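The primary structure of each chain is shown beneath.
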Amino acid sequence: MRGFLKPAAGVTCLFALATTGCSTAASDPPKQATATSPTPSQAATSSTSYAPYVSATDASDNDSAGSPTTYNLAFVIASGSTCTPKWNGTEAVGDSAVKSRISQLKTDDATVRVSFGGASGKELASTCDSASSLAAAYGKALDAAGSSQADFDIEGDELTDSDGVALRSEAIALLQKERSDLQVTFTLPVMPNGLDADGVALLESANKYDVQVSTVNLMTMNYGESYDEDMGDYAVTSAKAAQTQLKKVFGLSDADAWRGMALTSMIGVNDVDGETLTLSDAAQVRTFSEEKDIAWVSMWSTFRDQQCDDGDSASDDAATDCSGVDQSAGAFGEAFAG
């Protein structure tokens, strides 16, 4: 998103919402992950939560629309070519204004998830020279936000860099050894036929280093100029294809593969001509997610969840400031929240 196959030996499982399965030690023979089904009381109360992407530095009037349970804070990347984590590559992770904003987001019992990476700037795995220094950089940002949830939005060149993928996996594994409560999400591009080979390779790398993955978040957006039909249908098709891949990579049941998935849509006008996600599409994604007990749904982003000036994207920047479709402020947040 924009900024401003079987498990190998010693692999872990996908730690979905109601899953307590785990891996063997690296010296043990490979085996499929195990999962514990939710108790009847858990199953009765389980639901798909809403966790939009928000700016970590600038508040939006639409942040609270839909009463999110978690906010994805975008984005922590490297400061230049150094191993120093900064918001958008410019603001210190301990900046007092950012800390104040995060505290405000948490006032209604919501949590925050620190999102590393994105489509712009340099993800820290490309600038840190060791797994230990990379883990420390990630940890510094998490501590500053007071969060035990990390999202790694890996796309573009960062996704095709096999050395960077391996270094990141090793660093996350180190971090989880230090922080047993750290929940890890990988946010990856997807197509209607599922994750591409690089996305699957990243998940297999996580398995290799025994990373415990809570959710795989699919970016159901920006498919390409040939995909100019219903964006809600494309999101559903993409999710179904990726669910089959997650079952294979992590050795999961149907239900646990769904519970280990999240879906993120780019609301309104996408970055590709002909792709527009409508409010009806958002409602469709929400309904499908509830039917499958998908972990959470999200959108890019709260600061776009409003109509452009004069009602069209030509008068404003639909990529960053508005959706480019007719809507009331916060309407997409309400639709994704259900």
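Let me sum up the structure you'll find in this document. (Residues numbered from 1 in each chain as written. Predicted model: local features only at pLDDT ≥ 70, side-chain atom pairs only at ≥ 80, totals over all residues. Heavy atoms only, no water.)

What to know about the pairing of strand E8 (residues 183-189)
Burial analysis of E8 places five of its seven residues in the buried class, which makes it a mostly covered element. Bridge count for strand E7 (residues 149-153) against E8 is five bridges, and the pairing is parallel. Along E8, the bridge assignment pairs aspartate 151 with threonine 185. Of the strand pairs in this sheet, E8 and strand E9 (residues 213-220) are connected by six bridges, and their pairing is parallel. Residue pairing across strands places proline 189 opposite methionine 219, the latter belonging to E9. In this region the chain leaves E8, passes through helix H6 (residues 197-208) and returns to the parallel neighbour E9; the handedness of that crossover is right-handed. (Buried < 20%, exposed > 50% of the residue type's maximum accessible area, 1.4 Å probe, protein only. Helix = DSSP H or I, 4+ residues; strand = E, 2+ residues; numbered from the N terminus. Pairing = 2+ DSSP bridges. Right-handed = clockwise from strand over helix to strand, strands pointing away.)

Side note on the pairing of strand E13 (residues 296-300)
Across the five residues of E13, five count as buried, placing the element largely inside the fold. Note that strand E10 (residues 261-266) and E13 share five bridges and pair parallel. When the bridges of E13 are listed, serine 265 appears paired with methionine 299.

Some remarks on the packing of aromatic side chains
Across all of its chains, the model carries 12 aromatic pairs by this definition. With 5.6 Å between their ring centres and 85° between their planes, tryptophan 258 and phenylalanine 288 make a pair best called edge-to-face. Within this pair, whereas tryptophan 258 is found in helix H8 (residues 254-259), its partner phenylalanine 288 is found in helix H9 (residues 279-292), the two being separated by 30 residues in sequence. Phenylalanine 288 shares its class with tryptophan 258; the two are buried. Seen from their ring centres, tryptophan 300 and phenylalanine 303 are 5.5 Å apart, and the 80° between their planes marks the pair as edge-to-face. Just as tryptophan 300 is buried, phenylalanine 303 falls in that class too. Aromatic rings pair up to connect Tyr53, Phe75, Trp300 and Phe303 into one cluster. One Lys or Arg, arginine 113, reaches over the ring of tryptophan 296 and ends 4.3 Å from the middle of that ring. (Phe/Tyr/Trp six-rings, centres within 6.5 Å; stacked < 30°, edge-to-face > 60°. Lys NZ or Arg CZ within 6 Å of the ring centre and 35° of its normal.)

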